[in-house]
Amino acid sequence: MPAYPHGLNKLVRTNLYRDIGASLVVFLVALPLCIGIALASGVPAELGVITGIVGGLLVGALPGSSFQVSGPAAGLTVLVYEAVTEHGAETLGVIVLTAGVLQILLGAARLGRWFQAISLAVVQGMLAGIGLLLIAGQAYALADRKPAGTATENLLGLPGLVADVARSGAGLTAAGLGVLTIALIVLWAKAPRPLRTLPGPLVAVVAVSVLAVVAGADAQRLEVGTLTAAIRPPEPDELGRLLDPAVFGTVLAFALIASAESLFSAAAVDRMHSGPRTRYNAELVAQGVGNSVCGLLGALPMTAVIVRSAANVHAGARTKLSRVLHGGWLLAFALFLPGVLELIPVAVLAGVLIHSGWKLLSPQQVAWLWRQDRGEALVMAVTTAAIVATNLLEGVLIGMVAAVVKCAWDVSHLKVSEERRDDRIELRLAGNATFLRLPRIVEILDALPATQRVELDLSGLRHLDHACLSAVESWAEQRRTMSLGEVRIQLPPVDSRSVPEREYA
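Summary of the structure given here. In this text, all values refer to a predicted model and were calculated from it rather than measured experimentally.

Some details on the overall build of the protein
Across its full length, the protein holds 21 helices and six strands. Seen through its C-alpha atoms, the protein measures out along the principal axes to roughly 95 × 70 × 55 Å. When the 505 residues of the protein are sorted by exposure, 50% land in the buried category. The contacts in the protein between residues at least 6 apart in sequence include a share of 78% that link residues at least 24 apart. Surface accessibility of the protein: about 23,400 Å² in total, with carbon and sulfur atoms responsible for 65%.

Set out below in structure tokens:
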């Protein structure tokens, strides 16, 4: 270690020790997730480990965020599975590579902050939809069965799966291992604080895998090859697949959803520490570089992952070194201890992913949103249902349309109160008088008696657009021309109107 002043030397040593400790914790969290996400995505387990290594060694060293950790994410599992099923595993590298290049371009164009403009209800609906699909798909792996097919078929086939497993000894054994894994993860969260320094998913995977080996349980095990054998760079002729609109649509979905998930994660992680804030455009470029390299290796796409990032912060990380080292531990484990992974039952990893899916679904968050704003909860429900009924990209687009419709409704909300006195009618409008509410305003005005004086109070309006003001003036002028009841109008403040001030008698 270089000779620094004593105080600085001590700080460097403290930071180094904390970063090493944090990197080990993140490694232990990341390992089972990298493998489980790869299997759920329909690709070999080692491809998930490769993505984790790239996320640590490469993206961990790039500028952007100091503490969030990148790797394969449960949020992209459904999309990757659909891409592999529809376009073939050989096309995955091209898709991920192109998505990474697109992310680099978005970051270079300084569009990183724009991803924060997506409605929170749409994001929560997206995560809930992914969680629901993850649970439905992994329920079959929990019982050593193949999924029924589409997301809807998986959900509708769950009762039949339960009945089938109940009649199968091997299925019951696998399901028992998976359920025990979920129970251990849940109970570990309630363990004393010193014990919780070990990640719950890791403890559950190790404990249940050891139990399965000792008991000689009849359950499917992982099949893990070498990293070098798993690497498959895209062939030049595969680039032509990008001309297929379906493939290019998948590229857009990968790029946009991976970018949004990474930058949402960055915002959440920044609230967990007092260190340097995330530079969003630089982080978007870093994610693009990581995905470009993963595409060249034929591996899974990556995002910044909130679970690993939170573990990194809570474990006391001080610098970027912790996330770089976690990639080094993944590489060392894959090179020197690959045989250990083959002792893990597939049902155990399915249990880990079902627990992750439940956290993404987050029923407590749904209930809270319903209590706070039922309109937002409806947008979330529409997004989730659309994702289940169609696919991830179309579901998110439908959710965004629903959010825009809700926003238009809120912006055009108009409250009308009428009070009738002996000599006049007092009509008050409050809220937003926009062209969307013009038919209602005209209907209310035309329904007023022609013989009584009208006092129209518009001072409670937050916004009065040109179309509505013109309609009100035309109505008042018509009453005067026809010598009907007197009209008196109180206009809102000038800054509430989309037209310049003018005198109105």
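The discussion continues.
Concerning helix α9 (residues 200–215)
Between its first and last C-alpha atoms α9 spans 22 Å; for 16 residues at 1.5 Å apiece the expected length is 22 Å, and the two agree. Within the span of α9, buried status applies to G200, L202, A204, V205, V208, S209 and A212. G216 occupies a position one or two residues after α9 and carries a positive phi of about 65°.

So, the pairing of strand β4 (residues 424–433)
Of all the ten residues making up β4, eight are buried; the element is thus mostly covered by neighbouring parts of the structure. In this structure, strand β3 (residues 414–420) lies alongside β4, joined through seven bridges in antiparallel fashion. Within β4, the position partnered with E419 by the bridge is E426. Taken together, β3 and the strand that follows it, β4, pair antiparallel across an intervening segment of three residues. Direction of pairing for β4 relative to strand β5 (residues 453–464): parallel, over a ladder of nine bridges. When the sheet's bridge partners are listed, I425 is paired in β5 with V454. Regarding the hand of the β-α-β motif, the stretch spanning β4, helix α20 (residues 438–446) and β5 is right-handed.

Some thoughts on a nonpolar patch on the surface
Residues L16, Y17, I20, L24, L321 and W329 make up a contiguous nonpolar surface patch of about 500 Å² in total accessible area. In terms of residue count, helix α1 (residues 6–40) provides more of the nonpolar patch than any other element does, four residues in total. Within the secondary structure, L24 sits in helix α1. Residue classification places L24 among the partly exposed positions, given a relative accessible area of 36%.

Quick look at the sheet that holds strand β6 (residues 487–490)
Pairing in this open sheet of four strands is mixed, and the strands run β3-β4-β5-β6 from one edge to the other. The open sheet has two free edges, formed respectively by β3 and β6, since each of these has just one partner strand. Neighbour to neighbour, the strand axes of the sheet diverge by 15° on average, direction disregarded. In the packing of helix α21 (residues 466–481) onto the sheet, contacts are made with β4, β5 and β6, and the angle to β5 comes to roughly 170°.

Examining the pairing of β6
Only one face of β6 is buried, namely the one carrying V487 and I489, since none of R488 and Q490 on the opposite face is buried. The pairing of β5 with β6 spans four bridges and is classified as parallel. Looking at β6, one finds that E455 is bridged to R488.

So, the packing of helix α3 (residues 77–87) against helix α11 (residues 245–270)
At their nearest, the axes of α3 and α11 sit 11 Å apart, and the two run at 165° to each other. Of the possible angle classes, the one that applies to α3 and α11 is roughly antiparallel. Considering the relative orientation of α3 and α11, their crossing is left-handed. Touching L79, V80, A83 and H87 of α3 are A246, V247, T250, A253, F254 and I257, all from α11. Residues of the contact of α3 with α11, tallied by class, amount to eight nonpolar, two polar and no charged.

Here's the deal with the packing of aromatic side chains
Under the criterion given, the structure shown has one aromatic pair. Seen from their ring centres, F27 and F333 are 6.1 Å apart, and the 55° between their planes marks the pair as tilted. Of this pair, F27 sits in helix α1 while F333 is found in helix α14 (residues 321–336), placing the two residues 306 residues apart along the sequence. For the pair shown, F27 and F333 are each scored as buried.

Details of unusual backbone geometry
Here R110, not a glycine, exhibits a phi torsion of approximately 60°, which is positive. Assignment of secondary structure puts R110 in the loop between α4 (92–108) and α5 (120–142). Residue classification places R110 among the exposed positions, given a relative accessible area of 60%. Located in the positive-phi region is S362, a residue other than glycine, with phi close to 45°. Relative to the elements of secondary structure, S362 occurs in the loop between α16 (346–361) and α17 (363–372). Of the residues examined, S362 reaches a relative accessible area of 19% and is grouped as buried.

Some words on the pattern of salt bridges
Overall, the coordinates contain twelve salt bridges when judged by the stated rule. Two residues, E419 and R421, come together in a salt bridge whose shortest N-O distance is 2.9 Å. What makes E419 partly exposed here is its relative accessible area of 31%. By sharing partners, the salt bridges in this structure join E419, R421, R424, E426, R428, R453 and E455 into a single network.

Some remarks on the nonpolar core
By size, the foremost hydrophobic cluster in this structure holds 88 residues, and its most contacted members are I35, L92, L222, F254 and L341. With ten residues, α5 is the single largest residue contributor to this core. Non-local contacts of L341, meaning those with residues more than four positions away in its chain, are made with L31, I35, L222, V224 and F333. By size, the runner-up hydrophobic cluster in this structure holds 20 residues, among which are A433, L458, C468 and V487.

Here's the deal with the packing of helix α2 (residues 45–57) against α14
Interaxial distance between α2 and α14 falls to 7 Å at its minimum, and their mutual angle equals 145°. You can see that α2 and α14 cross each other, and the crossing is left-handed. Where α2 approaches α14, its residues V49, G52, I53, G56 and L57 are matched on the opposing element by R323, V324, H326, G327, G328, L330, L331 and A334. Taken together, the residues of the contact of α2 with α14 break down into seven nonpolar, five polar and one charged.

What counts and how
- Residues numbered from 1 in each chain as written.
- Predicted model: local features only at pLDDT ≥ 70, side-chain atom pairs only at ≥ 80, totals over all residues.
- Heavy atoms only, no water.
- Helix = DSSP H or I, 4+ residues; strand = E, 2+ residues; numbered from the N terminus.
- Buried < 20%, exposed > 50% of the residue type's maximum accessible area, 1.4 Å probe, protein only.
- Contact = heavy atoms within 4.5 Å.
- Areas by Shrake-Rupley, 256 points an atom, 1.4 Å probe, with all protein chains shown as cover.
- Expected span 1.5 Å × (residues − 1).
- Pairing = 2+ DSSP bridges.
- Right-handed = clockwise from strand over helix to strand, strands pointing away.
- Patch = residues over 30% accessible without salt bridge, like charges linked within 9 Å, V, L, I, M, F, W, Y side chains within 5 Å.
- Salt bridge = Lys/Arg side-chain N within 4 Å of Asp/Glu carboxyl O.
- Axes fitted to C-alpha atoms, helices over the stretch in contact; angles between N-to-C directions.
- Parallel < 35°, antiparallel > 145°, perpendicular 65-115°, else oblique.
- Left-handed = near helix turned anticlockwise from the far one by under 90°.
- Nonpolar A, V, L, I, M, F, W, Y, C, P; charged D, E, K, R; others polar.
- Phe/Tyr/Trp six-rings, centres within 6.5 Å; stacked < 30°, edge-to-face > 60°.
- Core = buried A, V, L, I, M, F, W, Y, C linked by side-chain atoms within 4.5 Å.

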